[in-house]
Amino acid sequence: MAENSAPSERYAQGMKTRRSVLGDAHVDRAQANQTPFDGPFQEMITEGAWGTVWSRPNWTKRERSMVTIALLAALGHHDEVAMHIRATANTGATKDDIREALMHVAIYAGVPAANHAFKIAKATYAEMDADKAAGEQK
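Anyway, here's the lowdown on the structure attached to this text.

### Notes on a nonpolar patch on the surface
A contiguous nonpolar patch, built from W59, V67 and L71 and spanning about 280 Å² of accessible area, is present on the exposed surface. Relative to the helices and strands, L71 resides in helix α4 (residues 61-75).

### Focus: the environment of A89
Position of A89 relative to the elements: it lies in helix α5 (residues 78-91). You can call A89 exposed: its relative accessible area is 58%. As for A89 and A6, which are separated by 83 residues in sequence, their C-alpha atoms are 31 Å apart.

### A few points about the environment of A6
Tracing the backbone through its elements, the reader meets A6 in the segment before α1 (9-22). On the basis of relative accessibility, which here comes to 65%, the residue A6 falls in the exposed class.

### Structural notes on the pattern of salt bridges
Opposite charge on two side chains lets them pair, provided their charged atoms get close. Overall, the coordinates contain six salt bridges when judged by the stated rule. Residues K95 and D129 are paired through a salt bridge, measuring 3.4 Å at the closest nitrogen-oxygen approach. You can see K95 sitting in helix α6 (residues 95-108) and its partner D129 sitting in helix α7 (residues 111-137), a full 34 residues away along the chain. K95 gets classed as partly exposed once you look at its relative accessible area, which sits at 44%. Within this structure, R19, D24 and D28 form a network of salt bridges that share partners.

### Some points on the packing of α1 against α5
Where α1 meets α5, the closest approach of the two axes is 6 Å, and the angle between their N-to-C directions is 95°. As summarised for this structure, α1 and α5 are arranged roughly perpendicular, according to the angle between their axes. The segment α1 lies against α5, with S20, V21 and L22 engaging M83, H84, A87, N90 and T91. Grouping the amino acids of the contact of α1 with α5 by side-chain chemistry returns four nonpolar, four polar and no charged.

### A few points about the nonpolar core
Ranked by size, the top nonpolar core spans 20 residues in total, and within it A73, V81, I85, I98, L102 and V105 carry the most contacts. Of all the secondary-structure elements, those providing two or more residues to this core are α4, α5, α6 and α7. With six residues, α7 is the largest single contributor of residues to this core. Leave out the neighbours within four places in its chain, and L102 touches I69, A73, A114, A117, F118 and A121. Counting nine residues, the second largest nonpolar core, distinct from the first, contains Y11, L22, W54 and A87.

### Here's the deal with α1
Since the α-helix turns once every 3.6 residues, residues separated by three or four places project in the same direction. Taking 1.5 Å per residue as the helical rise, α1 with its 14 residues ought to reach 20 Å, and the 20 Å between its terminal C-alpha atoms agrees with that figure. Where α1 is concerned, the buried positions are Y11, G14, M15, T17, R18, V21 and L22. Check the buried side of α1 and you find it contacts α2 (24-33), α3 (39-53), α4 and α5. Just downstream of α1 lies G23, where phi reads positive at about 95°.

### Considering the environment of A82
Of note, A82 is situated in helix α5. Sequence separation between A82 and G92 is ten residues, and the spatial gap between their C-alpha atoms is 16 Å. Discounting chain neighbours no more than four positions away, the residues touching A82 are I120 and T124.

Cut-offs and rules
Residues numbered from 1 in each chain as written. Predicted model: local features only at pLDDT ≥ 70, side-chain atom pairs only at ≥ 80, totals over all residues. Heavy atoms only, no water. Patch = residues over 30% accessible without salt bridge, like charges linked within 9 Å, V, L, I, M, F, W, Y side chains within 5 Å. Areas by Shrake-Rupley, 256 points an atom, 1.4 Å probe, with all protein chains shown as cover. Salt bridge = Lys/Arg side-chain N within 4 Å of Asp/Glu carboxyl O. Helix = DSSP H or I, 4+ residues; strand = E, 2+ residues; numbered from the N terminus. Buried < 20%, exposed > 50% of the residue type's maximum accessible area, 1.4 Å probe, protein only. Axes fitted to C-alpha atoms, helices over the stretch in contact; angles between N-to-C directions. Parallel < 35°, antiparallel > 145°, perpendicular 65-115°, else oblique. Contact = heavy atoms within 4.5 Å. Nonpolar A, V, L, I, M, F, W, Y, C, P; charged D, E, K, R; others polar. Core = buried A, V, L, I, M, F, W, Y, C linked by side-chain atoms within 4.5 Å. Expected span 1.5 Å × (residues − 1).

Everything listed here is a matter of geometry and, on its own, says nothing about what the molecule does.
Here it is as structure tokens:
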């Protein structure tokens, strides 16, 4: 946010939605790493992506999650695919949902895009399962 300005309603809603999808730890890291250079960009995506699109009532977070992962996979945005796979723990999109979304990617965006996205999803789910198991052992 710009110095001495209160956050807009859309920014506040966006931050609430962003935290509910990506989790506090992720958002806190992003906020801590924000600089004056990328601050306006962070504000724009919080308001636009999270405060506008992800906060709309027409689709559930599960549905938005599936579509987002399919689009990111189709476009080859691999880091974002992994981030949104991790977010499925908060959105309710299941492994079966994501598999079906990636099957659509294979047909409509190409097998190589889906193949790489499946690889990312498998590795990310394995990390999530390992983190969960480690947390249960504590």
